[in-house]
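The residues making up each chain are set out below.
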Amino acid sequence: MAASYVEWTSHAIFHSFHNAFGGPPPHHPQAPWMHPNPQSALWKERADTVKAAFRSAYAAYERTAYPHDELRPVSNLHSDNLNGWGASLMDSIDTMMLMRLDDLVERSLVHVSKLKLDRNSYVQFFETVIRYLGGLLSAYAISGNTVYLTHADELGTRLLPIFNTTSGVAHFDETWPRGAGGIGWMGSLSILSEFASCQMEYRYLAHLTGRPEYVQAVDYITEFLQNNTEHGGLFPLQFATSTGAPSSDRFSVGAKADSAYEYLLKEWLMTGKTEPHFLDMYLKSADAIIENMLYVSPSRHLLYVTDVLRPSLHPIHDFQHLSCFLSGLFALGTATIPDVDPRHAWAAEGLGHTCWITYADTATGLGPEMMLFPQNGTRWVDELKVWEQKGREGVVPGVSEATPVTPGEHTEYRVVDSRYLLRPETIESFYIMWRTTGDSKWRDRGWALFEGIENHAMLGTAYASLADVRTVPAPHTDELPSFFFAETLKYAYLLFTDEELIPLDRWVFNTEAHPIPIFTWSETEKKLFDIRIPGENHNNTTLQPNIL
Ligand code: DMJ
């Protein structure tokens, strides 16, 4: 068996990376900010520093926790909350490939080859899809090695019973071999972000395997979302799994919601912008978010996105770290949607700025998990109206350059959860902002963020989440999540390297930062999978739940 791994060289990785999908890379006009950069040596050194951080933290995981899911870096124990299949390894393979850490890739391939998915196990659908299935699909897309694809296909099939509900929305969890769904802490409820963040992975898997059941299962979810839209583009946080009835009065782009909105744009991008219903859904949702959930703080004029409550969409004025992905999503939409409303670009800039401020305001330079803004913030669209009426005088509201506080100065918001969980959303948005605007401030801010991680999250060789970002020395919690390897360090590396490893016109990241190549459906696939492209003939079947 070892012989096939020996062929696994970095040359092979990048040969396949550029050729497995559509032959040699097409000519991409160089983006203006990619011209020879006098600071290249500095940024190369910074990218190498991130690579060294990955190597060090991964070595600690391998030494102490492998083959379990995650390292507990304070106690030097491990956890197995993600199926016990080696989540940190499985989530990291494509990061290793992009960083050209060939020895680690080789060892990972041995692990994947031996991985048995058929033992009795409790699986959470969402985490399994975004981390394991997404990780395997990207590893295959980058390398062309079919070991990853075979396992992705097996995993995709094993998870299919989770879609088999009377409403068609997926269960939260499942036991294997086939047992009852809905057995974990969510019981008979399904969470929006969790059942609506699997479509990219399953549709790409269908493209690779030719299996229609993968598309059918997830296209039913898209149809369910279309039928359950509120306020023009918002979705409640939870639904009863059996009836599909909403079971929450709250709308959010943070916990329980985030990637459901993210996938609308990304599904449109992933199939080469050929399926306009995804764009239509995304634009409606973006508009509803802009109209109802974006607020500006009274004194620092910081733009933030808050949860709102039914029926009047009353704002809570909370701001979650998880919501910081929205800046990058709006930036990606701005760069890819023709003639898009300029509010998307302003929101990307303003939200990215606020996310940076929440880091730069703290003693550690790392941002808290949740903040509460004063209750008298103003709706952003109302401020925009006044600005328009005044002939657009001065900067766009909410896009002002508020500066970080000095020690003792009031931040205006209150920190209600002071942890930093090594999450990626802020550096993810900095990366997308840098790639789509070319403004080097996003790189500089990303470097400051990474220095915060180095200075305050590093514990010897590994890293640990912070219990309080406001205190130096920072207290730690006993956690090193797999997404630190999959996302935080990957986005940091991509932000600092001058190489355009993942051109955004050829790849699209799933919500766990696993890149999926952009493709278009063939005529055969359109018929087989019942893909409806406007202006093209298709039969008029209606998707049904319980398709299995
Ligand atoms: C990751 O698993 C994914 O980014 C998910 O979409 C949100 N939560 C974590 C990172 O914070």
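See the structure above.
First things first, this report covers the structure right here in the doc. (Residues numbered from 1 in each chain as written. Predicted model: local features only at pLDDT ≥ 70, side-chain atom pairs only at ≥ 80, totals over all residues. Heavy atoms only, no water.)

### Thoughts on the overall build of the chain
Phase 1 of the analysis: The helix and strand inventory of the chain stands at 19 helices and 19 strands.
Phase 2 of the analysis: The buried share of the chain, taken over its 548 residues, is 59%.
Phase 3 of the analysis: A sequence separation of at least 24 residues applies to 73% of the contacts in the chain between residues at least 6 apart.
Phase 4 of the analysis: In the form shown here, the chain has an accessible surface area of approximately 20300 Å², with 54% of it arising from carbon and sulfur atoms. (Helix = DSSP H or I, 4+ residues; strand = E, 2+ residues; numbered from the N terminus. Buried < 20%, exposed > 50% of the residue type's maximum accessible area, 1.4 Å probe, protein only. Contact = heavy atoms within 4.5 Å. Areas by Shrake-Rupley, 256 points an atom, 1.4 Å probe, with all protein chains shown as cover.)

### Quick word on the site of the ligand
Phase 1 of the analysis: The environment of the ligand is formed by I130, R131, L322, R423, P424, E425, F483, E487, T511 and E512.
Phase 2 of the analysis: For the ligand, an oxygen atom lies 2.7 Å from a polar atom in the side chain of T511.
Phase 3 of the analysis: Of all the secondary structure elements, the ones that give two or more residues to the shell around the ligand are helix 6 (125-143) and helix 18 (482-496).
Phase 4 of the analysis: Partitioned by chemical class, the residues of the shell around the ligand number four nonpolar, one polar and five charged. (Near = heavy atom within 4 Å. Polar contact = N/O pair within 3.5 Å; in protein donor to acceptor, adjacent residues only side chain to side chain. Nonpolar A, V, L, I, M, F, W, Y, C, P; charged D, E, K, R; others polar.)

### Re the sheet that holds strand 13 (residues 370-372)
Phase 1 of the analysis: Strands sit in the order 12-13-15 across an open sheet of three strands; the sheet is antiparallel. Whereas interior strands pair on both sides, the edge strands pair on one side only; in this sheet they are strand 12 (318-320) and strand 15 (414-417). Taking each pair of neighbouring strands and ignoring which way they run, the sheet shows an average axis angle of 30°. (Pairing = 2+ DSSP bridges. Axes fitted to C-alpha atoms, helices over the stretch in contact; angles between N-to-C directions.)

### Topic: the state of the cysteines
Phase 1 of the analysis: Applying the stated criterion across every chain yields a total of one disulfide.
Phase 2 of the analysis: Put simply, C324 and C355 are joined by a disulfide, and their sulfur atoms are 2.0 Å apart. Disulfide C324-C355: the torsion about the S-S bond is -100°, which places it as left-handed. With C324 in the loop between strand 12 and helix 13 (325-336) and C355 in helix 14 (residues 343-360), the pair connects residues that are 31 residues apart, well separated along the chain.
Phase 3 of the analysis: Judged by relative accessible area, C324 falls into the buried class, the value being 2%.
Phase 4 of the analysis: On the basis of relative accessible area, C355 is assigned to the buried category, the value being 1%. (Disulfide = S-S within 2.5 Å.)

### Section: the pattern of salt bridges
Phase 1 of the analysis: In total, this model carries 35 salt bridges according to the counting rule given.
Phase 2 of the analysis: Across the pair D341 and R343 runs a salt bridge whose closest N-O atoms are separated by 2.9 Å.
Phase 3 of the analysis: When its relative accessible area of 27% is taken as the criterion, D341 is described as partly exposed.
Phase 4 of the analysis: A residue is classified by how much of its surface remains accessible, and R343, at 15% relative accessible area, is buried.
Phase 5 of the analysis: Between E369 and R423 there is a salt bridge, with the nearest N and O atoms lying 3.0 Å from each other. (Salt bridge = Lys/Arg side-chain N within 4 Å of Asp/Glu carboxyl O.)

### Focus: the packing of helix 4 (residues 87-98) against helix 6
Phase 1 of the analysis: Where helix 4 contacts helix 6, the two axes come as close as 9 Å, and the packing angle between them is 25°. Put simply, helix 4 runs roughly parallel to helix 6. In terms of crossing hand, the pair formed by helix 4 and helix 6 is left-handed. Across the interface between the two elements, A87, M90, D91, I93, D94, M97 and L98 from helix 4 touch R131, Y132, G135, L136, S138, A139, I142 and S143 from helix 6.
Phase 2 of the analysis: Taken together, the residues of the contact of helix 4 with helix 6 sort by class into nine nonpolar, three polar and three charged. (Parallel < 35°, antiparallel > 145°, perpendicular 65-115°, else oblique. Left-handed = near helix turned anticlockwise from the far one by under 90°.)

### Things to note about helix 11 (residues 258-270)
Phase 1 of the analysis: End to end, helix 11 covers 18 Å across 13 residues, agreeing with the expected 18 Å (1.5 Å per residue, within 8%).
Phase 2 of the analysis: A maximum bend of about 30° is found in helix 11 at L264.
Phase 3 of the analysis: The element helix 11 is largely enclosed, with a buried count of 13 among its 13 residues.
Phase 4 of the analysis: Downstream of helix 11 by one or two residues, G272 has phi in the positive range, about 60°. (Expected span 1.5 Å × (residues − 1). Bend = angle between axes of the 7 residues up to and from the residue.)

### Considerations on the side chain of R443
Phase 1 of the analysis: Looking at the secondary structure, you find R443 in helix 17 (residues 441-456).
Phase 2 of the analysis: In this structure the side chain of R443 is engaged in a polar contact, spanning 3.4 Å, whose partner is the backbone oxygen of T497.

### Here's the deal with the packing of helix 3 (residues 40-64) against helix 17
Phase 1 of the analysis: Close contact between helix 3 and helix 17 brings their axes to 12 Å; oriented N to C, the two are set at 35°. The interaxial crossing formed by helix 3 with helix 17 has left-handed handedness. Residues W43, R46, T49, V50 and A53 of helix 3 lie in contact with helix 17, whose contacting residues are R443, D444, W447, F450 and E454.
Phase 2 of the analysis: The class makeup of the residues in the contact of helix 3 with helix 17 is five nonpolar, one polar and four charged.

### What to know about helix 14
In an α-helix, one turn spans 3.6 residues, which is why side chains three or four residues apart end up on the same side.
Phase 1 of the analysis: For helix 14, with 18 residues, the first-to-last C-alpha span of 25 Å sits near the 26 Å given by 1.5 Å per residue.
Phase 2 of the analysis: In terms of burial, helix 14 is a largely internal element, 16 of the 18 residues being buried.

### Digging into the sheet that holds strand 8 (residues 294-296)
Phase 1 of the analysis: Spatially, 9-8-14 is the arrangement adopted by the three strands of the open sheet, whose pairing is antiparallel. Whereas interior strands pair on both sides, the edge strands pair on one side only; in this sheet they are strand 9 (303-305) and strand 14 (378-379).
Phase 2 of the analysis: Pairing analysis gives two bridges linking strand 8 to strand 14, with the strands arranged antiparallel. Paired with V296 across the bridge in strand 14 is T378.
Phase 3 of the analysis: The sheet strands contacting helix 14 are strand 8 and strand 9, and the helix crosses strand 9 at an angle near 90°.

### Observations regarding the pairing of strand 3 (residues 121-124)
Phase 1 of the analysis: With burial as the criterion, only one face of strand 3 is covered, namely that bearing S121 and V123; the residues Y122 and Q124 on the opposite face remain uncovered.
Phase 2 of the analysis: Pairing geometry for strand 3 and strand 4 (residues 173-176), over four bridges, is antiparallel. Pairing of S121 across the sheet is with W176, part of strand 4.

### Considering the nonpolar core
Phase 1 of the analysis: One finds Y148, F163, L192, F195 and Y202 to be the most contacted residues of the largest nonpolar core, which totals 172 residues.
Phase 2 of the analysis: With residues near it in sequence (within four places) discarded, F195 still touches F125, V169, A170, S190, I221, F224, L225 and F239. (Core = buried A, V, L, I, M, F, W, Y, C linked by side-chain atoms within 4.5 Å.)

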